[in-house]
Amino acid sequence: MNLRIAKLGFAYPNGKQIFTEVDFSLKKGEIFTILGPNGAGKSTLLNCIGNLSEPTQGGIFLEKDNIKDLTLCQFAKRVAYVPQIHQPTYAFTVEEFVAMGRTPYLSAFKKLGHQDQRMIEEAMELVRITHLRSKAYTQISGGERQLVTIARAIAQEPDFILLDEPTAHLDFGNQIKTMKLVKKLSDRGYGIIMTTHNPDQVFFIGGRVGVLNRSGVFEIGVVDQYLSED
Ligand code: ADP
Ligand code: ADP
C-alpha cells in the first residue's frame, strides 16, 4: 500500500497560498515528519492528507485511488487521523473512546462484534492504557489522552496514521513516551506522517523529513544522511 502526495498545493479562499508542490510518497512501515515553524501550514497540509480539507492543486492517492473519490469509510479503513488533543468535552470512558475507532464517521451506536472487541483490546494493549479503560476521558491526564487518541486510531486498523503535533501540550517525559510509541508503531508496520515544530524530534524519530517554511516552500531530506555527514 502506497500513499502518494502529488504536487499538492493549498490556498485559502482569501487567496493566501499556504504551500505549493508538496510531493512525496510513503509506504507502510515508513515515517515521514513534516517540520516547520508555527503558522507554516503543517496542520493545513495534514488536514489535506487526512481528507478533512480539499487541496487546491494536486491530489492524494492511495495506490491508484484519489482519496477524494473514496467514501469516508473506505478512507478510514486505510488512514487514521490523530488530531491534537484539546480540552475534553467527551462524556465517554477510555474504552468507549477507543471503540469509536471501530465506527469512524458513523454513529457510536453500531453494535460491536468479536473483531471489533479484539481490535479495541489490541489497541489498548499496544499503547498500554488497558488499566485506564473504565476511567472517564475527562479525568485522565493530557499525556494519557494523547495515548488514548492514538489507541483510537489503531483500533481503526488503518495502514497509515497521521499525527498532528502529537507532543504539543505534553511535558518532556510524555513527549519522549509519545515519540517512542510513534517509533514502535512504524516498527509494527504502520506508515506514519507526523507534524512537529521541534527539530530535535526529527532526529529522535529518523526517517524522512519535509521542511515547510512560512513562504510555502517544501524541501525533503533524510535524517540519517544528515547525521552521517561531518
Ligand atoms: P491552532 O489550532 O494551532 O491554535 P489555528 O489553526 O486555529 O491554530 O490557527 C493557526 C494560525 O492561523 C494562527 O496564527 C491564526 O491566527 C491563523 N488563522 C486562523 N484562522 C485564520 C483565518 N480565517 N484567516 C487568517 N488567519 C487565520
Ligand atoms: P501550522 O500548523 O504550521 O502552525 P497552520 O496550517 O495552522 O500552520 O496555518 C498555516 C497558515 O494558514 C497560517 O499562516 C494562517 O495564517 C493561515 N490560515 C489558517 N487558517 C486560515 C483561514 N481559514 N483563512 C486564511 N488563512 C488561514
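Along each chain, residues carry numbers from 1 onward, in the same order as the chain's sequence is written. Lettering for chains starts from A, numbering for ligands starts from 1, and both go in the order in which the items are written. Since the coordinates come from a predicted model, pLDDT governs what is reported: local features require at least 70, and pairs of side-chain atoms require 80 or more to be given and counted, while whole-chain, interface and lining totals use all residues. Side-chain descriptors were evaluated using all non-hydrogen atoms of the structure, hydrogens and water having been removed beforehand.

- For the protein, the name recorded in an unreviewed UniProt entry is ABC transporter ATP-binding protein, with Acetobacterium wieringae as its organism.

**Focus: the pairing of strand β10 (residues 218-222)**
Part 1: As defined by bridge partners, strand β9 (residues 208-212) adjoins β10 across five bridges and the pair is classed as antiparallel. When the bridges of β10 are listed, Val-211 appears paired with Glu-219. Note: two strands are recorded as paired if DSSP finds a minimum of 2 bridges between them. Each helix is a run of H or I in the DSSP string that is no shorter than four residues. Each strand is a run of E no shorter than two, and both are numbered from the N terminus.

**What to know about the site of ligand 2**
Part 1: A single heavy atom is enough: if one lies within 4 Å of a molecule or strand, its residue is considered near that molecule or strand. Around ligand 2, the surrounding shell consists of Tyr-12, Asn-14, Lys-16, Ile-18, Pro-37, Asn-38, Gly-39, Ala-40, Gly-41, Lys-42, Ser-43 and Thr-44.
Part 2: Here a polar contact is taken to be a pair of N or O atoms separated by no more than 3.5 Å, where protein atoms must pair a possible hydrogen donor with a possible acceptor and residues adjacent in sequence count only if both atoms sit in side chains. One of the side-chain nitrogen or oxygen atoms of Tyr-12 is found 3.2 Å away from a nitrogen atom of ligand 2.
Part 3: Lys-16 is positioned such that a nitrogen or oxygen atom in its side chain is 3.1 Å from an oxygen atom of ligand 2.
Part 4: It is helix α1 (residues 42-49) that provides the largest number of residues to the shell around ligand 2, a total of three residues.
Part 5: Lys, Arg, Asp and Glu make up the charged group, whereas Ala, Val, Leu, Ile, Met, Phe, Trp, Tyr, Cys and Pro make up the nonpolar group; the residues left over, Gly among them, are polar. Its residues assigned to classes, the shell around ligand 2 comprises four nonpolar, six polar and two charged.

**Observations concerning the packing of aromatic side chains**
Part 1: Between the rings of Phe, Tyr and Trp (Trp by its six-membered ring), a pair exists once the centres lie within 6.5 Å; its type follows the angle of the planes, with under 30 degrees stacked, over 60 edge-to-face, and the other angles tilted. Summed over all chains, the structure comprises six aromatic pairs.
Part 2: Ring geometry for Phe-10 versus Tyr-12: centroids 4.9 Å apart, planes at 80°, classification edge-to-face.
Part 3: Centroid distance Phe-97 to Tyr-137: 4.4 Å. Interplanar angle 10°. Geometry classified as stacked. Here Phe-97 is found in helix α3 (residues 94-99), whereas its partner Tyr-137 is found in the loop between α4 (114-127) and α5 (142-155), with 40 residues between them in sequence. Each member of the pair Phe-97 and Tyr-137 is classed as buried.
Part 4: Every member of this aromatic cluster is reached through a ring pair, and the members are Phe-10, Tyr-12 and Phe-19. A 1.4 Å probe rolled over the protein chains alone gives each residue an accessible area, and that area as a share of the maximum for its type sets the label: buried under 20%, exposed over 50%, partly exposed in between.

**With respect to the sheet that holds strand β3 (residues 31-35)**
Part 1: With mixed pairing, six strands are arranged side by side in an open sheet as β6-β7-β8-β3-β9-β10. In the strand order of this sheet, the two ends are held by β6 (79-82) and β10, each with one partner. Taken over all neighbouring pairs, the strand axes of this sheet differ in orientation by 15° on average, direction set aside.
Part 2: Of the strand pairs in this sheet, β6 and strand β7 (residues 160-163) are connected by four bridges, and their pairing is parallel. Across the sheet, residue Ala-80 finds its bridge partner in β7, namely Ile-161.
Part 3: It only takes one pair of heavy atoms within 4.5 Å for two residues to be counted as in contact. Axes here refer to lines fitted to C-alpha atoms; in helices the fit is confined to the stretch in contact. Angles between the N-to-C directions go from 0 to 180 degrees. Along the sheet face, α5 touches β6 and β7 and points at about 165° away from the line of β6.

**With respect to the sheet that holds strand β4 (residues 57-62)**
Part 1: The strand order across the open sheet built from four strands is β2-β1-β4-β5, with neighbouring strands paired in antiparallel fashion. The open sheet has two free edges, formed respectively by β2 (17-27) and β5 (65-66), since each of these has just one partner strand.

**Section: the nonpolar core**
Part 1: Grouping buried Ala, Val, Leu, Ile, Met, Phe, Trp, Tyr and Cys residues that are joined through side-chain atoms within 4.5 Å yields what is termed a nonpolar core. Within the largest apolar cluster, 36 residues are counted, with the highest numbers of intra-cluster contacts made by Val-98, Ile-129, Ile-154, Ile-161, Leu-185 and Ile-192.
Part 2: Elements with a contribution of two residues or more to this core: β6, α3, α4, α5, β7, α6 (172-187) and β8 (191-196).
Part 3: Ranked by residues supplied to this core, first place goes to α5 with seven residues.
Part 4: Ignoring anything within four residues of it in the chain, the contact list for Val-98 reads Ile-120, Ala-123, Met-124, Ile-129, Val-148, Ala-151, Arg-152 and Ala-155.
Part 5: Listed in part, the 28 residues of the second largest apolar core include Ile-5, Leu-8, Leu-62 and Val-79.

**Thoughts on α1**
Part 1: For α1, a buried count of six out of eight residues is recorded, marking the element as mostly surrounded by other parts of the structure.
Part 2: Of the residues flanking the end of α1, it is Asn-51, one or two places downstream, whose phi is positive at about 65°.

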